[in-house]
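Residues per chain are reported as follows:
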Amino acid sequence: MYTTEPNTEHLEDKNIQSSITPQILEDSNTSKHEETKETVISRTEEIKPQMTKSICPPQGTLNRSITTGVLLFMIWCVIWSVSGSERDPDENLLGLFIVFYSALIGGKLLEIIRIPSVPQLPPLLGMLLAGFTIRNVPFFNARIHVNSIWSSTLRNIALTLILIKAGLGLDPQALKNLKRVCFRLSLGPCLMEACSAAVVSHYLMNFPWEWGFLLGFVVGAVSPAIVVPSMLLLQEHGYGTEKGIPTLLVAASSLDDIIAITGFSTCMGIVFSAGDIFTNLLHSFRNVVLGILLGVVLGIFVQYFPSEDQTNLSLKRAFLVLSMCVTAVLVSSHFGIHGAGGLCTLMMTFTGGLSWSKDKIGVQKVISIAWDIFQPLLFGLVGLEVSVASLKSNAIGISVATMSLALLIRICFTFLLMSCAGFNFKEKIFIALSWIPKATVQAVLGPLALETARTKAPNLEPYSKDVMTIAFLAILITAPNGALIINLLGPKLLARQVPNKIILESTRLELH
């Protein structure tokens, strides 16, 4: 009995010593850590005064007050642009509410309905058909009304969101690396389809030349809403990544939209302006220069406002950019300066995004949330504009023929343009067929021509209705077929490379 007690005491002493030593080590580590913390804090405190001392651009409270003032002024401008002399808020809000949720349900139903071995159809097709159903079913048409001013304003806001996404989506590094092929692919097919549609519509539909080119730029734009997700999906699985085909098509789709919208705005200025063509061209050139210069100035402004020291930086930047861009588009359309607001939006977002680095992704996420809200409204309102009763008996056939001929010329021309770009035969076929889908730009520009004709030149409304019909049919035919072609032919025509994720995982295993 007596011999065991000293042993236990000795063991307890050892345990106490062993338990004390980690504490000593921890205390020493924490003290070292606290010392390093204090040195880091002291260094950052030394750096902070240098950041707050800068007067131009201002920081801190002055920067915050300027940002808030500009944001409030832009919100007031948007409300002033939306307000009209004839409006019934209750009726319009109810109509927009029904159109929004009907389009949302139509898009969700199209997501749920899946055919085996067939890629998923784009949800925007269900949104378009929901608005078309409301307009052409007499029970719904008699009870659901949306004011034309509200509808036009919402479509302009949707156009602004498309332009913001295009401006922020332009990657300067990708444009620098693929500048020749990218500019060829964005500029050539769009201009060729616009010219082809102008010629075909002039001789087949008896369009004047200015209306033919306006129609050409409406149908000449490709849809990033379909091309970009499909290309990212192919890129994730490694298809075409060796030659950068997905990156090329994503960058060129944004530039393609910019060229189409600029051409459309120029044609709008010529069609709805009095005077000779030369004077109208000078006015259009003035609007383009004004939009670019104003966009660059505002882009430099949003580089410094809000400043880096503010909280919720991405959210504030997104709201400031959105309010300024919406104001630019609505005010330019209100005063008849066609094209200036759109170009201002593109240049402002591109210039501002050059210095945002990591915060650019946060701004894009906020804009994507806003687009998710306006997308059902946009396509629902476009479907609401198409009435079967007002269509001529041969209008659909002639419209489909005009659109198909112009699209066929575009596909062949795209294939020829890619012949000198280092792609093989299968890759050239895939790139040419990937330029088929049309959706977002047509959904905005088609009704815009109709609204402008109703307000400024009612005698030109028959031409604008034909443009609207062709834009609707272009979305209805090319959007689902283009998505199916990309998703089905991509794995068959493009060479597959091992995705980057697999390479990274293997390198990590080798390092361990």
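Residues numbered from 1 in each chain as written. Predicted model: local features only at pLDDT ≥ 70, side-chain atom pairs only at ≥ 80, totals over all residues. Heavy atoms only, no water.

Visitor: How would you sum up the nonpolar core? Please name residues and give values.
Guide: Of all hydrophobic cores here, the largest spans 119 residues; its most connected members are Leu 214, Leu 249, Phe 264, Phe 379 and Phe 430. With 13 residues, the top contributor of residues to this core is helix H11 (residues 245-271). With residues up to four places along the chain from it excluded, the contact list for Leu 214 reads Phe 264, Cys 267, Met 268, Val 271, Ala 449 and Val 467. (Core = buried A, V, L, I, M, F, W, Y, C linked by side-chain atoms within 4.5 Å. Buried < 20%, exposed > 50% of the residue type's maximum accessible area, 1.4 Å probe, protein only. Helix = DSSP H or I, 4+ residues; strand = E, 2+ residues; numbered from the N terminus. Contact = heavy atoms within 4.5 Å.)

Visitor: Requested: an account of helix H19 (residues 461-493), with residues and values cited.
Guide: With 33 residues, H19 should reach 48 Å at 1.5 Å per residue; the first-to-last C-alpha distance of 44 Å fits that figure. At Thr 478, H19 shows its largest bend, some 30°, and a proline, Pro 480, comes one to four positions later. (Expected span 1.5 Å × (residues − 1). Bend = angle between axes of the 7 residues up to and from the residue.)

Visitor: Go over the packing of helix H9 (residues 209-219) against helix H18 (residues 440-456) with me, naming the residues and quoting the values.
Guide: Any two packed helices are characterised by how steeply their axes cross, that is the angle between the axes, and by the distance between the axes. Running from N to C, H9 and H18 point in directions that differ by 155°, and their axes come no closer than 9 Å. By the criterion of interaxial angle, the relationship of H9 to H18 is roughly antiparallel. Together, Leu 214, Phe 217, Val 218 and Val 219 of H9 and Gln 442, Leu 445, Gly 446 and Ala 449 of H18 make up the contact between the two elements. In terms of residue class, the contact of H9 with H18 is made up of six nonpolar, two polar and no charged. (Axes fitted to C-alpha atoms, helices over the stretch in contact; angles between N-to-C directions. Parallel < 35°, antiparallel > 145°, perpendicular 65-115°, else oblique. Nonpolar A, V, L, I, M, F, W, Y, C, P; charged D, E, K, R; others polar.)

Visitor: I'd like a description of the state of the cysteines, backed by residues and values.
Guide: Under the counting rule described, the total for this entry stands at zero disulfides. As a non-bridged cysteine, Cys 195 has Cys 190 as the owner of its nearest cysteine sulfur, 9.4 Å distant. (Disulfide = S-S within 2.5 Å.)

Visitor: Now, about the environment of Phe 423: what can you tell me, with residues and values included?
Guide: Along the chain, Phe 423 falls in the loop between helix H16 (395-417) and helix H17 (425-434). Judged by its relative accessible area of 10%, Phe 423 is buried. In this structure, the C-alpha to C-alpha distance between Phe 423 and Lys 243, residues 180 residues apart in sequence, is 8.1 Å. The contacts of Phe 423, once residues within four sequence positions are left out, are Val 181, Lys 243, Ile 245, Leu 248, Met 418, Lys 428 and Ile 431.

Visitor: Before we move on, could you go through the packing of aromatic side chains and cite the residues and values that matter?
Guide: Following the criterion strictly, the structure yields 10 aromatic pairs and no others. A ring pair is formed by Phe 139 and Phe 140, whose centres lie 5.6 Å apart and whose planes are at 75°; its orientation type is edge-to-face. Between Tyr 203 and Trp 209, the ring centres sit 6.1 Å apart and the planes meet at 85°, which makes this aromatic pair edge-to-face. Exposure remark for Tyr 203: the relative accessible area of 60% places this residue in the exposed category. An aromatic cluster is present here, built from Phe 207, Trp 211, Phe 272 and Tyr 463 joined pairwise through their rings. (Phe/Tyr/Trp six-rings, centres within 6.5 Å; stacked < 30°, edge-to-face > 60°.)

Visitor: Outline helix H12 (residues 277-304), supporting the account with residue identities and numerical values.
Guide: Along its 28 residues, H12 runs 41 Å from first to last C-alpha, staying within 8% of the 40 Å computed at 1.5 Å per residue. Turning to H12, its buried residues are Asn 280, Ser 284, Asn 287, Gly 291, Gly 295, Leu 298, Gly 299, Val 302 and Gln 303.

Visitor: Tell me about a nonpolar patch on the surface, residues and numbers included.
Guide: Taken together, the side chains of Leu 94, Phe 97, Tyr 101, Ile 105, Leu 109, Ile 112 and Ile 113 present a nonpolar region at the surface, about 760 Å² in accessible area. Looking at where Ile 112 falls in the secondary structure, it is placed in helix H3 (residues 89-112). By relative accessible area, Ile 112 is classed as exposed at 64%. (Patch = residues over 30% accessible without salt bridge, like charges linked within 9 Å, V, L, I, M, F, W, Y side chains within 5 Å. Areas by Shrake-Rupley, 256 points an atom, 1.4 Å probe, with all protein chains shown as cover. Salt bridge = Lys/Arg side-chain N within 4 Å of Asp/Glu carboxyl O.)

Visitor: Can you lay out the pattern of salt bridges for me, pointing to particular residues and giving the numbers?
Guide: Summed over the entire model, instances satisfying the criterion amount to 12 salt bridges. The closest approach of N and O atoms between Arg 155 and Glu 451, which form a salt bridge, is 3.1 Å. Of this pair, Arg 155 sits in helix H6 (residues 148-169) while Glu 451 sits in helix H18, and the two are 296 residues apart along the sequence. Across the pair, Glu 451 and Arg 155 agree in class, each one buried. For Arg 317, the salt bridge goes to Glu 308, with nearest N and O atoms at 3.2 Å. Taken together, the shared-partner salt bridges in this structure form one network comprising Arg 155, Glu 385, Glu 451, Arg 454, Glu 461 and Lys 465.

Visitor: Give a detailed account of the environment of Leu 460, specifying residues and quantitative values.
Guide: The topology assignment puts Leu 460 in the loop between H18 and H19. Relative accessible area serves as the criterion here: at 17%, Leu 460 is assigned to the buried category. Remark: the alpha-carbon pair of Leu 460 and Ala 449, spanning 11 residues in sequence, is separated by 9.8 Å. The contact partners of Leu 460, leaving out residues within four places of it in the chain, are Trp 211, Val 271, Phe 272 and Ala 453.

Visitor: Kindly report on unusual backbone geometry, identifying the contributing residues and their values.
Guide: Residues Phe 305 and Pro 306 are joined by a peptide bond in cis, for which omega reads -5°. With respect to the helices and strands, Pro 306 occurs in the loop between H12 and helix H13 (313-334). The backbone of Asn 206 shows a phi angle near 60°, a positive value even though the residue is not glycine. Examined against the element boundaries, Asn 206 turns out to sit in the loop between helix H8 (179-204) and H9. Although it is not a glycine, Asn 312 adopts a positive phi angle of roughly 50°. Assignment of secondary structure puts Asn 312 in the loop between H12 and H13.

Visitor: Quick one: what's the story with the packing of H12 against H13, residue by residue and with numbers?
Guide: Interaxial distance between H12 and H13 falls to 10 Å at its minimum, and their mutual angle equals 160°. One way to sum up the angle between H12 and H13 is to call them roughly antiparallel. For the pair H12 and H13, the crossing hand works out as right-handed. The residues of H13 that touch H12, namely those facing Leu 298, Phe 301, Val 302 and Gln 303, are Arg 317, Leu 320, Val 321 and Met 324. Here the residues of the contact of H12 with H13 are counted per class, giving six nonpolar, one polar and one charged. (Left-handed = near helix turned anticlockwise from the far one by under 90°.)

Everything listed here is a matter of coordinates, which is why it stays silent on function.
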